[in-house]
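# Remarks on the overall topology
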Amino acid sequence: MEEQNMWLDFPMYASAAFVCWLAASGLFLSSGKKMLNQLAAGLSFAGTAFLLVFITVLWIHIQRPPMRTLGETRLWYAIFLSGIGLVSYLRWKYKWLVSYSLGLAMVFLIINLQHPETYDKTLMPALQSPWFIPHVIVYIFAYAMLGASSLVALRNLFFAPTEKTIKGPIQMADNLVYLGFSFLTLGLLFGALWAKDAWGHYWTWDPKETWAFITWMFYLVYIHYRFRHANEHKKAMAVLAVSFAVLLICWFGVNYLPSAENSVHVYSE
Amino acid sequence: MSNEESRKTGANRWSYREGTIVTAAILLLGFALQAASGGTVLRIAGFPWNLLAGLVFVGLLILVFVLWPKHSIVKGLGSVKAALPAILGFTFLVLLMGFVKQDVEPKNAVVELLGLTHLVKTWPFMLINLYLMILLGIITLKRLTPFNFKNAGFFLNHFGLFLVLFSTTLGSIDMQRLTMNCYENQPESHAVDPSGKMIEMPFSIKLVNFSIDEFRPKVTIVDNKSGQIVLSKGKAQLEMIDRDSFSISSYHIKVEQFLESSGKAGDLYTAINESGSAPSAKVTVNNPTDKSEISGWIFSGSYSHPPEILQLNESFSLAMLPPEPRKFSSELNIQTKTGKNRSTTIEVNRPYSIEGWTIYQTNYNTQMGRWSNLSVLELVRDPWLPFVYLGIFLMMFGAAFLFITGKPKNGGTEHVA
């Protein structure tokens, strides 16, 4: 199978990325020297670049956007997560965050290595739309942003910095949530406009839509809560952690819910 | 939260307690009304009554805001302390929808009584929607007076959502979704609504031609005894015939000849293009483990011709599956009662609009596949759509604002209340 042949190369690309990211995380966490940090940033970028090359070649080979199967979306997630980690490091210099992001990205690579899935070349007519790529890319980007924000939340909850030192990390969580939430909104609305073209209605309360909406509402709660209660850090972080759990249900938990039989959004394997 | 309250000086007496009580009361009242109505589907009045109700609602909202802008209830309704419980109350209902399968027969009396299988059309959903609209309306008015460009992002997000809720809630009753079955060359001017009622359209549609563009078919291994596809690690091994050779498990398959559209002539298949013809391929299958080699034809089969499989050994055969549609489209000629005549081709994701109706390609006779002479169309009329779209676009710009400006610094007030 040509597609499977493509995926036969995946362990090579994945290991290269894995080694780069592992080294980068190690350097970020251990060193204080500027030179070594720059090297770590370079390695982190190299790892992401390996996956970008792989996904580009894959895209050309399967002649459809690689955004349909769970395995493919995991690949994008690893790419965006590592990318966001690096960008946030370059901008805000949070070394622990880039290490966390890389760690999570590595987990996604391992899952993909452990569960290589059969990949489908056909794309049903309803999915052949100019909305497909923006809808999925925007969503994956949003998920990656919000995923990173929940890492910040968990760190703040469990490795509790003092009220004095929490200010920086919590601003970081806010930044990520605002960026992620704006993309989440766009993804939701792109989906609505697309649905109108494909199915004649912009919103049908399909289980995936329902859960996407629930996710959106939880982050809406976080944003309003933070606005009114700027100093209730722990509670805000708890809201953020719960929101991410809801996001995870929306992302792949929906596939296992009894309410989701026959949903158009259930990813094929 | 309570100390934060006490810090404030009197004017705004709303705390989370009031916000939560109001939201809870709305939900309880909603479910009580739903139960009292015997669990029926809630329907609001159609045009022009819904439009009138909407205008009265907006008028009242503005009037209340203009007359008592400083009243503690008005101030309370425009605060996060009302908004958060309301968002959570709404989320609670949507969560119920996330767990209880919608639009099916209720499983037990409680589910039926509370309308849990069609929550969107129930009292609690309507009331909480109304409450959210009141909150969004008040807060939008509050931010508009006095006007300040700094509030643009806030306005786009909140008023956009208000508009979406307003037009979808009131407009849902005016939306019509009908199904029309069109057979080739037979003009059709009737469609059927979801309840099965026949409705005459202001135009007639003639299906000039229905066509399907197909992917190359896939081949797989089937079990001779059961006739089922052989699974490997729980998954079917499917290979698309788009190359000269490929492998499935231990079989190496070489494609000698592939015919997109064919029929059987004696022992072999020839290229023909008539109703019932389907793809076929001549293949040679090698199995390195037992060094066997077998040649023969496989045929996907169609509504009128049986498929042909190639027996590989006692246990297994090679089979070609019916090709999957890449796209299906209908060439239509539409004649309106007002005298317009339009020719167009529609397909999935490419509908066509005429006289306030949008025509969607939805289905065909799947048994006959690309030889179907039936095209199933969906006709949708949604007069409130421009308002929904306006709301959606406002929210999109609002999202762009969030993206560009990020979180307001030091409790700034650009985006949220």
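Residues numbered from 1 in each chain as written. Chains lettered and ligands numbered in written order. Predicted model: local features only at pLDDT ≥ 70, side-chain atom pairs only at ≥ 80, totals over all residues. Heavy atoms only, no water.

A word on the overall build of chain B. A tally of helices and strands in chain B yields nine helices and 19 strands. A compact globule built from 417 residues would reach a C-alpha radius of gyration of about 22 Å, whereas chain B, at 31 Å, exceeds it by more than 25%. Taken over the C-alpha atoms alone, chain B extends approximately 95 × 60 × 50 Å along its principal axes. Within chain B, the fraction of its 417 residues that count as buried is 46%. For chain B, contacts bridging at least 24 residues in sequence account for 60% of all contacts bridging at least 6. Taken as a whole, chain B presents about 21100 Å² of accessible surface, with 60% of it coming from carbon and sulfur. Both charge centroids of chain B, one from 37 positive and one from 32 negative side chains, sit 14 Å from each other. (Helix = DSSP H or I, 4+ residues; strand = E, 2+ residues; numbered from the N terminus. Rg over C-alpha atoms; globule rule 2.2 N^0.38 Å. Buried < 20%, exposed > 50% of the residue type's maximum accessible area, 1.4 Å probe, protein only. Contact = heavy atoms within 4.5 Å. Areas by Shrake-Rupley, 256 points an atom, 1.4 Å probe, with all protein chains shown as cover. Lys, Arg positive; Asp, Glu negative; His and termini not counted. Charge placed at Lys NZ, Arg CZ, Asp CG, Glu CD.)

As a further point, take the packing of helix α2 (residues 16-36) of chain B against helix α7 (residues 123-144) of chain B. All names here are of chain B. As a packed pair, α2 and α7 sit with axes 7 Å apart at the nearest point and diverge in direction by 150°. Handedness of the α2/α7 crossing: right-handed. Contact with α2, carried on its side by G19, V22, T23, I26, L27, L29, G30, F31, L33 and Q34, involves W123, P124, L127, I128 and Y131 of α7 and no other residues of that element. A breakdown of the residues in the contact of α2 with α7 according to their chemical character gives 11 nonpolar, four polar and no charged. (Axes fitted to C-alpha atoms, helices over the stretch in contact; angles between N-to-C directions. Left-handed = near helix turned anticlockwise from the far one by under 90°. Nonpolar A, V, L, I, M, F, W, Y, C, P; charged D, E, K, R; others polar.)

This part covers the interface of chain B and chain A. Between chain B and chain A, the residue contacts involve 66 residues of the former and 59 residues of the latter. In total, about 5500 Å² of surface goes out of reach between chain B and chain A, with carbon and sulfur atoms giving 68% of it. Between K196 of chain A and D382 of chain B there is a salt bridge whose closest N-O contact spans 3.9 Å. Remark: the boundary between chain B and chain A carries nine residue pairs in polar contact (both at pLDDT 80 or more). Of all the secondary structure elements, the ones that give two or more residues to the side of chain B that touches chain A are α5 (80-99), α8 (152-171), β7 (239-240), β15 (325-336), β19 (374-381) and α9 (385-405) of chain B. If you tally residues by element for the side of chain B that touches chain A, the top one is α5 of chain B, at 12 residues. A breakdown of the residues in the side of chain B that touches chain A according to their chemical character gives 38 nonpolar, 11 polar and 17 charged. (Buried area = accessible area lost by both parts, 1.4 Å probe. Salt bridge = Lys/Arg side-chain N within 4 Å of Asp/Glu carboxyl O. Polar contact = N/O pair within 3.5 Å; in protein donor to acceptor, adjacent residues only side chain to side chain.)

All right, on to the environment of E347 of chain B then. Residues and elements named next belong to chain B. Inspection of the secondary structure puts E347 in strand β16 (residues 341-347). The exposure class assigned to E347 is buried, which follows from its relative accessible area of 18%. Between the alpha carbons of E347 and I212 there is a distance of 9.8 Å; along the sequence they are 135 residues apart.

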